[in-house]
Amino acid sequence: MSQTANPYAARDHARAMAGTVVEAMPIVPAAADDAPASVVWEETVAPGGYASRRLARGTRLRLVDLHGDACASVLLFNAENPLERLNVADTVKVQWNGYLGAGKLLLSDMGRVLMSILEDGAGTHDTFCGASNEAANARKYGDGKNYGAHPNARDRFMLGVAKHGLGRKDVHPCVNLFKGVRVAEDGATLPQIGPFAPGRAVILRAEMDLIVVLANCPHVLDPRPEWSVTALRATAWKGAPTPPDDPIRTASPEATRAFLNTEDYYAR
Amino acid sequence: MADPHLSGLPGPIVHDEIVPARAPWLHRVRKGQTLRIVDLEGNQAVDFLAYAAGDDAERYSAQDTIAAQGNVFLRTGAVLLSNEGRPMMTITATNVAYHDTIGGACSCESNTLRYGHHTKSQHACVDNFLDANVRVGRGKRDMVSNINFFMNVPVEGDGALGIVDGISAPGLMVDVRAEMDVDVVVSNCPQINNPCNGFNPTPVRMIVSDPAGMGAA
């Protein structure tokens, strides 16, 4: 007899899967033996996968490129009012620099800080080239659909934002962590795709209550003919909101004003 | 004497309008039509967005455009891609060396970071984009990274970038041909705190020509 011929057998068949461990999965309840404080999120995002999560102000988010070939494309929203979201142009313009790294801020379109980058063990990030899309993946890999073998970052984002009541119009320009783009004097984009050493990590601090959406798909400038990407680990732990003497907050007049605007938002 | 601003445009003129300094502008450009923007007095940033006429969730994407052409500057031949990777418009001619698409639009809010809170009440491009968009049913979710025609944002070797003195001049132009029906939304930038408008916002001229001679949209 089939193992799933009747509801009782099908139930037993389903329940027998419990306890299966794979690389790309959430740990529930959240736990990590290498986090310095109370863990609120632990999940490994599959190659080609995505995740979305609400994080409280002050929470630290560590992203780890486990095997050296992850591409963490990131969207950020103010969880309380998702009309406020990451503005990549303001992020580079206000900070007078297009390259992300430790000490840099991710700014909203309302003049506030969504996240700051506390530690950067990678140094290869991208504010210029954004997410892959279905058409680009179809050209490069033969298909790009969410249900296929070569999903694209934009459509992963669409699913991630949809779970927070958002839609196509809310998939805004993103930043890519772990895969880099530099700009030559003539404006040419110079991709830094790797693969890199395993285990590179970036630690970010939530400066507002956030919806964080991650997609882990090959970078849009990845020159390899094969669709290549490896797992991305996300770990978040509780932390205090940024104090007035924080070195990132006081590093520049623009940063200080962005934090002042953020603190003003929470003056209630 | 022939109007030099009309020279070389393909087909009859179907629209010709001066956008005042500091003002928004919204216009549907049909597939095949060419929009010419004339920087009348020189170094006037023209902040530019485009939405697919039939489905405005599809819109200009600076990041897709940069990735596809492998360059952050917009020059003659640049194909302006949508967030779905489709060609929306093509820059068919320009006598400015390059245009910007990484600097984004000024806003009341970002002005407080860039210059101080005393600038909060000054008019800004995002407010122009919203002014035009809200009247036709779009809103803040429709704000994405834009093009800044006639604006100069170089990127240095260490990633340093910023709006610096312009490379445009009085009478210089850019022609963009629509590859699909698009709603173009423009902010004739009112910024007075940096050199994007030479510290003096000025009018620009918008001319639409239609090789098919279809008449005004």
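As a reminder, the structure under discussion sits directly above these lines.
Residues numbered from 1 in each chain as written. Chains lettered and ligands numbered in written order. Predicted model: local features only at pLDDT ≥ 70, side-chain atom pairs only at ≥ 80, totals over all residues.

Visitor: Is there a simple way to explain the overall build of chain B in this structure?
Guide: Scanning chain B for helices and strands turns up three helices and ten strands. Ordered by position from N to C terminus, the α and β elements of chain B give β-β-β-β-α-β-β-α-α-β-β-β-β. In terms of overall dimensions, chain B is globule-like: its C-alpha atoms have a radius of gyration of 16 Å, near the 17 Å expected for 217 residues. If you line up chain B on its principal axes, its C-alpha atoms span 50 × 40 × 35 Å. Within chain B, the fraction of its 217 residues that count as buried is 53%. Looking at chain B alone, contacts between residues at least 24 apart form 76% of all its contacts between residues at least 6 apart. (Helix = DSSP H or I, 4+ residues; strand = E, 2+ residues; numbered from the N terminus. Rg over C-alpha atoms; globule rule 2.2 N^0.38 Å. Buried ≥ 20, exposed ≤ 12 C-beta atoms within 10 Å, placed from the backbone. Contact = placed C-beta atoms within 7 Å.)

Visitor: Help me out: how do you make sense of the overall build of chain A in this one?
Guide: Assigned secondary structure in chain A consists of five helices and 13 strands. Its C-alpha atoms give chain A a radius of gyration of 19 Å, within 12% of the compact-globule value 18 Å for 268 residues. With the C-alpha coordinates of chain A rotated into their principal frame, the extents come out at 75 × 45 × 35 Å. Counting contacts in chain A only where the partners sit at least 6 residues apart, residues at least 24 apart contribute 71% of the total.

Visitor: So what exactly am I meant to see when it comes to the sheet that holds strand S4 (residues 46-52) of chain B here?
Guide: Sheet strands associate in pairs through backbone hydrogen bonding, adopting either a parallel or an antiparallel arrangement. All names here are of chain B. Pairing in this open sheet of four strands is antiparallel, and the strands run S2-S9-S4-S7 from one edge to the other. Every interior strand has two partners, whereas the edge strands, strand S2 (24-29) and strand S7 (147-149), have only one. Recorded for the sheet is a direction-independent mean angle of 30 degrees between the axes of neighbouring strands. Two elements, S4 and strand S9 (residues 182-188), share seven bridges in a ladder whose sense is antiparallel. (Pairing = 2+ DSSP bridges. Axes fitted to C-alpha atoms, helices over the stretch in contact; angles between N-to-C directions.)

Visitor: When you look at the pairing of strand S10 (residues 204-209) of chain B in this model, what are you seeing that I'm missing?
Guide: The two faces of the sheet receive side chains in turn, since in a regular strand these alternate between them. Residue and element names in this part refer to chain B. Along S10, five of the six residues are buried, which leaves the element largely enclosed by surrounding structure. As defined by bridge partners, strand S3 (residues 34-39) adjoins S10 across five bridges and the pair is classed as antiparallel. Following the sheet pairing, Thr34 is matched in S10 by Ser209.

Visitor: What is the right way to look at helix H4 (residues 153-162) of chain A in this model?
Guide: Along an α-helix, residues three or four apart share an orientation, since each turn contains 3.6 residues. All names here are of chain A. Of all ten residues that make up H4, seven are buried, and the element is covered over most of its length. Residues Ala153, Arg154, Asp155, Arg156, Phe157, Gly160 and Val161 constitute the buried set of H4. Elements that come into contact with the buried residues of H4 comprise strand S2 (50-55), strand S4 (72-78), helix H3 (134-141) and strand S12 (210-216).

Visitor: Before we go on, may I ask you to explain the interface of chain B and chain A in this structure?
Guide: Many analyses report the size of an interface as the accessible area lost when the parts associate. Facing the 36 residues of chain B at the interface are 37 residues of chain A. Of all the elements in the fold, those that place two or more residues in the side of chain B that touches chain A are helix H1 (62-69) and helix H2 (108-114) of chain B. When the residues that make up the side of chain B that touches chain A are grouped by side-chain class, the tally is 14 nonpolar, 14 polar and eight charged. (Nonpolar A, V, L, I, M, F, W, Y, C, P; charged D, E, K, R; others polar.)

Visitor: How should I be thinking about the nonpolar core in this particular structure?
Guide: Nonpolar side chains in soluble globular proteins tend to end up buried together. Residues and elements named next belong to chain A. Counting 131 residues, the largest nonpolar core has Leu75, Leu76 and Leu214 as its most contacted members. Top element by residues in this core is S12. It accounts for six residues. For Leu214, the contacting residues outside a window of four places in its chain are Val45, Tyr50, Ala51, Ala72, Ser73, Val74, Leu232 and Ala234. (Core = buried A, V, L, I, M, F, W, Y, C linked by C-beta atoms within 7 Å.)

Visitor: Sorry, what's going on with helix H5 (residues 253-265) of chain A here?
Guide: If you check H5 of chain A, its first and last C-alpha atoms are 18 Å apart, about what 13 residues at 1.5 Å a residue would give, namely 18 Å. The set of residues buried in H5 of chain A consists of Glu254, Ala255, Arg257, Ala258, Phe259, Asn261 and Thr262 of chain A. Packed against the buried residues of H5 of chain A are helix H2 (88-94), strand S5 (105-107) and strand S6 (113-120) of chain A together with H2 of chain B. (Expected span 1.5 Å × (residues − 1).)

Visitor: Explain unusual backbone geometry to me, please; I cannot follow it from the model alone.
Guide: Working note: non-glycine residues mostly have negative phi, and peptide bonds are mostly trans. With an omega dihedral of -5 degrees, the bond running from Val28 of chain A to Pro29 of chain A counts as a cis peptide bond. The topology assignment puts Pro29 of chain A in the loop between helix H1 (7-15) and strand S1 (39-45). That bond from Gly194 of chain A to Pro195 of chain A is cis: its omega, 5 degrees, falls within 30 degrees of zero. With respect to the helices and strands, the residue Pro195 of chain A is situated in the loop between strand S10 (189-192) and strand S11 (200-206). Positive phi values are uncommon outside glycine, yet Asn43 of chain B reaches one of about 50 degrees. Relative to the helices and strands, Asn43 of chain B is located in the loop between S3 and S4. The exposure class of Asn43 of chain B is buried, given the 23 C-beta atoms found within 10 Å. A positive phi is found at Phe150 of chain B, a non-glycine position, where the angle reads about 70 degrees. Phe150 of chain B gets classed as buried once you count the C-beta atoms within 10 Å, which come to 27.

Visitor: Explanation requested: the environment of Thr250 of chain A in the structure shown.
Guide: Residue and element names in this part refer to chain A. In this structure, Thr250 sits in the loop between strand S13 (232-237) and H5. Taking the C-alpha atoms as reference, Thr250 lies 22 Å from Ala89; in sequence the two are 161 residues apart. The contact partners of Thr250, leaving out residues within four places of it in the chain, are Asp245 and Thr256.

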